[in-house]
Amino acid sequence: MAALALIGKIGEHDGKEVELRGWLYNKRSSGRIHFLELRDGTGFIQCVVVKGEVPDEDFEAAGKLTQESSLRLTGIVRADARAKGGYEITVKSVMPFQVAQDYPITPKEHGIDFLMDNRHLWIRHKRQHALLSIRHEVIAAAQQYLNDNGFLRVDAPILTPAACEGTTTLFETEYFEEKAYLSQSGQLYNEADAMAFGKVYCFGPTFRAEKSKTRRHLIEFWMLEPEMAWCDQEENQRVQEELVSYIVAKVLEKRRAELAVIERDVTKLEDIKPPFPRLSYDDAIDILKGAGRDISWGDDFGAPDETLISERFTRPVFVTNYPTSMKAFYMQPEPGRPEVVKCADMLAPEGYGEIIGGSERIWDPALMEERMRQHNLSEEAYGWYMQLRKFGTVPHSGFGIGIERTVAWITGSEHIREMIPFPRLLYRLRP
Ligand code: 4AD
Ligand code: MG
C-alpha cells in the first residue's frame, strides 16, 4: 500500500512508494514518456510516467490530462539532484479525478487585468504560491515573536462608531439605526486593552477608503498592532526593530525554497538585524531638498519621497519626530518642541517605504482634552477613550505593522496587489 504523502514533505518518503493527490500544473510529453508537474498545495514535483511501466490505460489517461486537471497517482520517490526540490516521482499508476477543460490561465504571458479578474485561479500559480506562503510565515513569525515576549492577543472590533486615523478615509455602513465605520486601526481599543493586560496586540483586517492607486495601497489590508503600557517611544522602536528582524530571520529559515522561486536576492535580507538607523524628520526634509524634491518642512512625504529616503539605507530606517500638525491627535509632543511628536515611521529599504507607523501616546488628561477639542472629537464617541486618561493613566506606546507592505518588501515585489489572496483596490472589488 502506497502511503499518502505531501509534496512539501516528500523527502520523508525517499525510496518508498507514495500516493499523491493534486492538480496538474504542467505537462511535457515525448512519445513514450509524460512528465507531469503535479502541485498539491504544499509544493510542486515532477512525476515521470513511462510507457510500459504503468498500465496502458494509465499511460493513455496521463496523456489526456490537461492543465489543472485533478488527479491521484502513485509512484516511487527518488532523490534527484537535478530536480527542483531534490526529488521526483517514478509513477506506478495514474487516477484522474476530473479532466479540466479550457483553463483560462495558460503558461503564456497574460495582462494584469486578466490575471486579476481570474485571481481565484491565479493563486494556483507557482509564484503566487510562494508569495502567499511567505505571507503566512510573516504572520506566523510576528505572532510568535509577540507571544514569546509577553504580549497577549486581544483583538479589536471591525465595526466602530468613530475614526482612529482621521475621517477622510472612513468606510461608512449602516448599523441598524446608527452609522458605523469599518475600522482603520484597532489602536484606540488596544490602548484600553493595554491598561487591562499590559502588553497586547490585535491582528485583523483594516480599511482605508483612500482614492490612492499606487503600488503600496490596498483598500483592505491586514495590520498587526502591539500596544504597551509603561513604554516610551525609545522602547517602542526597540520592539519594532527586533520584531522585524525576527520576521525576516524566520522567513529566511523556513521559506528558502519560496524565496528561490521568486528569485529574491536573499543577501539583502541577511543583513536585517538591529539596530536600525534613525533619521529625524528634519534631516529627512534636508535630504529630500538636497535631492531636488519640491518639499518643505511640514509637508507629508509622498511615495517618491519615501522611496528616495529608503533607497539610501540597507536596513529599515526609522524616520522620527514628524510635525504635530501632520499626525494623529493621540501622539505625545516632544518635550520642549511641541511642534513635533514622539513618533516614528519605519521605512523598508530598497525603496519600499513605510511598513510601520507608531508613536508614544498622550497620557496626560488635560492635554488629551485639549487635543480632542482641537480635533472636534465628541465626548459621545471618544468619552470612553478619555476615561483611559482618568483612571490610572500611564505612559504607553504602540505601533501598527502593515502585513502586505512587509511581505512586498521581503519578497522584493513590485506591487502590493499580489501580497494578499483577494486584493481590494481602488476600482476592484471582484472576485
Ligand atoms: O501609519 P498607519 O496609518 O498607523 C496606524 O493606523 C496606527 N493607528 C497604528 C498603531 O499605532 N497602532 O498604518 C500603519 C501601517 C503602515 O505603516 C502601513 O504598513 C500599513 O499600516 N498601511 C497600509 N498598507 C496597505 N495599504 C494601505 N492603504 C495602508 N495604510 C497603512
Ligand atoms: Mg503611517
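Residues numbered from 1 in each chain as written. Chains lettered and ligands numbered in written order. Predicted model: local features only at pLDDT ≥ 70, side-chain atom pairs only at ≥ 80, totals over all residues. Heavy atoms only, no water.

Peer 1: Quick question: what am I supposed to make of the packing of helix α4 (residues 126-148) against helix α13 (residues 403-410) here?
Peer 2: When two helices pack together, you describe them by how their axes are tilted relative to each other and by the distance separating the axes. Where α4 contacts α13, the two axes come as close as 10 Å, and the packing angle between them is 120°. By the angle between their axes, α4 is oblique relative to α13. Where α4 crosses over α13, the handedness of that crossing is right-handed. The residues of α13 that touch α4, namely those facing Leu 131, Ile 134, Arg 135, Val 138 and Ile 139, are Ile 403, Glu 404, Thr 406, Val 407 and Ile 410. Each residue belonging to the contact of α4 with α13 can be placed in one class, and the counts come to seven nonpolar, one polar and two charged. (Axes fitted to C-alpha atoms, helices over the stretch in contact; angles between N-to-C directions. Helix = DSSP H or I, 4+ residues; strand = E, 2+ residues; numbered from the N terminus. Parallel < 35°, antiparallel > 145°, perpendicular 65-115°, else oblique. Left-handed = near helix turned anticlockwise from the far one by under 90°. Contact = heavy atoms within 4.5 Å. Nonpolar A, V, L, I, M, F, W, Y, C, P; charged D, E, K, R; others polar.)

Peer 1: Looking at this structure, how should I read unusual backbone geometry?
Peer 2: Phi is mostly negative for residues that are not glycine, and the peptide bonds are mostly trans. Here the residue pair Pro 274 and Pro 275 is connected by a cis peptide bond, since its omega of 0° sits within 30 degrees of zero. Here Pro 275 shows up in the loop between α8 (267-270) and β13 (278-280). With an omega dihedral of -5°, the bond running from Arg 430 to Pro 431 counts as a cis peptide bond. Structurally, the position occupied by Pro 431 is in the segment after α13. At Trp 230, a position not held by glycine, the phi torsion is positive, near 55°.

Peer 1: Would you take a moment to explain the sheet that holds strand β7 (residues 152-153) for this structure?
Peer 2: Note: strands within a sheet are paired through backbone hydrogen bonds, in either parallel or antiparallel orientation. Read across the open sheet, the eight strands follow the order β7-β11-β12-β19-β18-β17-β14-β13; overall the sheet is mixed. The sheet terminates laterally at β7 and β13, the two strands that pair on one side only. In this sheet, strand β18 (residues 353-361) lies alongside strand β17 (residues 343-348) in antiparallel orientation, the contact comprising six bridges. By the bridge assignment, Met 346 is partnered in β18 with Ile 356. In the packing of helix α9 (residues 281-290) onto the sheet, the strands contacted are β13 and β14 (317-320), and the crossing angle to β13 comes to about 80°. Packed on one face of the sheet, helix α10 (residues 303-310) meets β13, β14, β17 and β18 and runs near 75° to β17. (Pairing = 2+ DSSP bridges.)

Peer 1: Please clarify how helix α11 (residues 365-374) should be interpreted in this entry.
Peer 2: Think of an α-helix as turning once every 3.6 residues; residues three or four places apart then point the same way. Taken together, the buried positions of α11 are occupied by Leu 367, Met 368, Arg 371 and Met 372. End-on, the buried residues of α11 take up no more than an arc of 140°, which puts them together on one face. Turned more than 90 degrees away from the buried face of α11, the exposed residues are Ala 366 and Arg 373. On its buried face, α11 sits against β15 (333-334) and α12 (379-387). Looking one or two residues beyond α11, the residue adopting positive phi is Asn 376, at roughly 55°. (Buried < 20%, exposed > 50% of the residue type's maximum accessible area, 1.4 Å probe, protein only. Arc of directions from axis to C-beta.)

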